[in-house]
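An overview of the molecular structure
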Amino acid sequence: MQPVNIGIVGLGNVGAGTLAILAGNAESIAQKLGFPLHVAAVCSRNIASKHIPAAFQHALRTTNWRDVVNQPDIHVIAELVGGTGVAREVIEAAAERGKSVVTANKELMALHGADLWDRAIAAGINLAMEASVAGGIPIHAVLREGISGDRIETLYGILNGTCNYILTEVENRGATFDTVLAEAQAAGYAEADPSADVDGFDARSKLAILSALAFGERILPSDIYTEGIRRIMPIDFGYAHMLQHTIRLICAARQTSDGLLLSVRPSLLPQSTILANVRGAYNAIWVRGHYGADTFYYGRGAGSHPTGVAVVSDLMRVAREIRNGSPERVSPFAHARLGVYKPLSITVNRAPYYLRFRVKDRPGIIAALASALAAEQISLDAVLQLPHANPNDLPFVITVAPTTEQSIRSALARMNDLDFLIDSPLAMPMEASL
């Protein structure tokens, strides 16, 4: 049968992996579809230096993405550029020309995905984005179709492999954040500017997309409370272990009776929970439904081949629709239309909290801190202090009974003027609902 022709815009890590899979797995793909996928054009700013598999040697090569979108015999565009500028132009131009789009662009889809889907509907084309979250884990397909009959109540995820790698290395080796980050950069696990990863912005975009899928609400990344992992120290894992917990960057979305509560932040997890045992650069998502209860999804969160598999799988799904027709197309956001909704403020979150202090040792410290907590009606649970040689930089931990984030913030504000503190206290929720 005649092939469905693909145009690939962007030949970075994901684009190269996608090309390699389309070439190396061509026979299997054709057997599953009943027709082949053929790469008819490729675009990269550095196209002359890019390796093109022998199977696609006759493909058009260009540095101008418009050459790909304007090719009349191309059916599907794979947008693998990233960012929110050129990538949006590519998708909009493809829609104008009646070409379906597959994208791996989490930032663009988190910010503008619902609007781009509206354009896709109007143009009668498909927009697929499985690769935008969690690399090789087909979590979109799960939420969009696999468990769409359920009503999702809670979703927790580890959605940034760089952060998870750093945290588990700090935990396993006792190395500092800066040391492990430098190693991750040298190994290519982290970017030269790691802010998007370690400050939680990458994970925030992914949670915005998954929240739209799970709850049918139009969520902007700016709606999500976000903290990164820069302040986590080896000593925090020592204390966490004393409490039979560990620390992970947790993306949380919970439907409460008052509304949706969203956050990306380092949190303490009981060591007995399944998410606590997700290590290294892996991703995982735990979902609780009202009817189907708990399900769990685990796999590589990034990389050329895991993410490339997601791109190719989307290309196959879209190509099948082009060839066979699909009058009742499933929205990439799992809902026919997303509701307009403002999530709850994180200040209403209620949980036990872990508070880590660094102080110049002297009598009366615990009493002063306890007084600030008592003023906000916060009850102490435990005080922990591991042996430490430096009395001028003494870390210790107070855990408190369940309270609100607002109460914790008010108590910490009361502590600001205490002259024995050498650093702002670190507050992390202790998750008990997993």
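Quick summary incoming for the structure in this document. Everything numeric here is computed off the predicted structure, so don't read it as measured data.

Looking now at the overall build of the protein. Looking only at helices and strands, the protein has 14 helices and 18 strands in total. On C-alpha atoms alone, the protein measures out to a radius of gyration of 24 Å, which is about the 22 Å that the 2.2 N^0.38 rule sets for 434 residues. For the protein, the spread of C-alpha atoms along the three principal axes comes to 80 × 45 × 35 Å. Out of the 434 residues belonging to the protein, those deemed buried represent 53%. Taking the contacts inside the protein whose residues are at least 6 apart along the sequence as the reference set, 74% of them involve residues at least 24 apart. Accessible surface for the protein amounts to roughly 18100 Å². Of this, 49% is attributable to carbon and sulfur atoms. Placing the 37 positive and 41 negative side-chain charges of the protein at their respective mean positions leaves the two points 3 Å apart.

Per the counting criterion, the structure on display carries 3 aromatic pairs. On the numbers, 4.9 Å between centres and 5 degrees between planes, the contact of Y282 with Y298 is stacked. With Y282 in strand β12 (residues 282-289) and Y298 in strand β13 (residues 293-300), this pair connects stretches of sequence that are 16 residues apart. A relative accessible area of 25% places Y282 in the partly exposed class. In this structure Y298 comes out as partly exposed when scored by relative accessible area, which is 45%. Measuring from centroid to centroid gives 5.4 Å for F357 and F396, while their planes differ by 25 degrees, and the two rings are stacked. Placement of F357 in strand β15 (residues 350-359) and of F396 in strand β17 (residues 394-404) is noted, with a sequence separation of 39 residues between them. We classify F396 as buried; its relative accessible area is 3%. It is R323 that lies over the ring of F35; its NZ or CZ is 4.5 Å from the centre.

Attention shifts here to a nonpolar patch on the surface. On the surface, I366, L380 and V383 cluster together into a nonpolar patch covering about 210 Å² of accessible area. Tracing the sequence through the fold places L380 in strand β16 (residues 380-384).

In this structure, I139, L155, I166, L210, I229, I285 and F357 are the most contacted members of the largest nonpolar core, which totals 102 residues. Examining the composition of this core, we find that 9 residues originate from one element, helix α10 (residues 201-215), more than from any other. Dropping the residues within four chain positions of it, L155 is found in contact with L143, L207, L210, A214, C251, A252, A253, I285, W286 and V287. Within the second largest apolar cluster, 31 residues are counted, among which are L37, I52, L80 and V311.

Below, the discussion takes up the environment of A26. One can find A26 in helix α2 (residues 26-33). A relative accessible area of 34% means that A26 is categorised as partly exposed.

Our focus in this paragraph is helix α8 (residues 177-186). Inspection of α8 places F177, V180, L181 and A184 among the buried residues, and these make up the whole buried set. One face of α8 carries all of its buried residues, which in axial projection span an arc of 100 degrees. Turned more than 90 degrees away from the buried face of α8 sit D178 and A186, all of them exposed. On its buried side, α8 packs onto α7 (161-173) and α9 (195-198).

For the rest of this paragraph, the subject is the sheet that holds β16. Each strand in a sheet pairs with its neighbour through backbone hydrogen bonds, running either in the same direction (parallel) or in the opposite one (antiparallel). The antiparallel open sheet is built from 4 strands, whose spatial order is β16-β17-β15-β18. The outermost strands of the open sheet, each flanked by one partner alone, are β16 and β18 (426-429). Strand-to-strand twist across the sheet, computed as the mean angle between neighbouring axes with direction ignored, equals 20 degrees. Here β15 runs beside β17; their pairing, made up of 9 bridges, is antiparallel. Opposite R356, over in β17, you have V397 as the bridge partner. Together, β15, β16, β17 and β18 form the strand contacts of helix α11 (residues 234-242), whose direction differs from that of β17 by roughly 55 degrees. Packing against the sheet, helix α14 (residues 405-415) makes contact with β15, β17 and β18, and its axis sits at approximately 140 degrees to β17.

Calculation notes
- Residues numbered from 1 in each chain as written.
- Predicted model: local features only at pLDDT ≥ 70, side-chain atom pairs only at ≥ 80, totals over all residues.
- Heavy atoms only, no water.
- Helix = DSSP H or I, 4+ residues; strand = E, 2+ residues; numbered from the N terminus.
- Rg over C-alpha atoms; globule rule 2.2 N^0.38 Å.
- Buried < 20%, exposed > 50% of the residue type's maximum accessible area, 1.4 Å probe, protein only.
- Contact = heavy atoms within 4.5 Å.
- Areas by Shrake-Rupley, 256 points an atom, 1.4 Å probe, with all protein chains shown as cover.
- Lys, Arg positive; Asp, Glu negative; His and termini not counted.
- Charge placed at Lys NZ, Arg CZ, Asp CG, Glu CD.
- Phe/Tyr/Trp six-rings, centres within 6.5 Å; stacked < 30°, edge-to-face > 60°.
- Lys NZ or Arg CZ within 6 Å of the ring centre and 35° of its normal.
- Patch = residues over 30% accessible without salt bridge, like charges linked within 9 Å, V, L, I, M, F, W, Y side chains within 5 Å.
- Salt bridge = Lys/Arg side-chain N within 4 Å of Asp/Glu carboxyl O.
- Core = buried A, V, L, I, M, F, W, Y, C linked by side-chain atoms within 4.5 Å.
- Arc of directions from axis to C-beta.
- Pairing = 2+ DSSP bridges.
- Axes fitted to C-alpha atoms, helices over the stretch in contact; angles between N-to-C directions.

Any functional reading would require information that these geometric values do not contain.
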